[in-house]
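Chain by chain, the residues run as shown.
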Amino acid sequence: MPVERTERMKQALRDHPSLWLWFIFSFGLGLFGIYLAFTDSVYTMTAVIVSLFAFGFALQQTAKKMNDQKE
């Protein structure tokens, strides 16, 4: 079952390249949070939390597209 889910996720990402933007955006925010950790720790948690929300949103959108393809 996990292999089947992985294939569906890959197919959803191939069919909807805009989802990649969300993953790249969340990864970029994560790197920005690491950068802030070394320069100014006040905004680090904010950047990390925003990164997690963006990653969660990307996963949610991918799951929606996977469900649409399944039906």
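The following paragraphs examine the structure supplied in this document. Small disclaimer: the values here were computed from a predicted structure and weren't measured.

Next up on the list: the overall build of the protein chain. Helix and strand counts for the protein chain come out as 3 helices and 0 strands. Taken from N to C terminus, the helices and strands of the protein chain fall in the order α-α-α. Expressed as a percentage of contacts within the protein chain between residues at least 6 apart in sequence, the contacts between residues at least 24 apart total 65%.

Taking 1.5 Å of rise per residue, 22 residues should cover 32 Å, and helix α2 (residues 18-39) covers 32 Å from first to last C-alpha, within 8% of that figure. Within α2 the residues assigned to the buried category are Leu19, Phe23, Ser26, Leu29, Gly33 and Leu36. Angular distribution of buried residues about the axis of α2 spans 140°; they occupy a single face of the element. Exposed and oriented more than 90 degrees from the buried face of α2 are Leu21, Ile24, Phe27 and Phe38.

A surface patch of nonpolar side chains, about 520 Å² in accessible area, is lined by Met45, Val48, Ile49, Leu52 and Phe53. Assignment of secondary structure puts Met45 in helix α3 (residues 44-70).

The subject of this paragraph is the environment of Gln69. Relative to the helices and strands, Gln69 is located in helix α3. Classification of Gln69 as partly exposed rests on a relative accessible area of 33%. Spatially, the C-alpha atom of Gln69 lies 9.7 Å from that of Asp15, the residues being 54 residues apart in sequence. Ignoring sequence-local partners within four residues, the contact set of Gln69 consists of Arg8, Gln11, Ala12, Asp15 and His16.

Here Gln61 shows up in helix α3. Residue Gln61 is classed as buried on the basis of its relative accessible area, which comes to 17%. Separated by 49 residues in the primary sequence, Gln61 and Ala12 have C-alpha atoms spaced 9.8 Å apart.

Rules of the game
Residues numbered from 1 in each chain as written. Predicted model: local features only at pLDDT ≥ 70, side-chain atom pairs only at ≥ 80, totals over all residues. Heavy atoms only, no water. Helix = DSSP H or I, 4+ residues; strand = E, 2+ residues; numbered from the N terminus. Contact = heavy atoms within 4.5 Å. Expected span 1.5 Å × (residues − 1). Buried < 20%, exposed > 50% of the residue type's maximum accessible area, 1.4 Å probe, protein only. Arc of directions from axis to C-beta. Patch = residues over 30% accessible without salt bridge, like charges linked within 9 Å, V, L, I, M, F, W, Y side chains within 5 Å. Areas by Shrake-Rupley, 256 points an atom, 1.4 Å probe, with all protein chains shown as cover. Salt bridge = Lys/Arg side-chain N within 4 Å of Asp/Glu carboxyl O.

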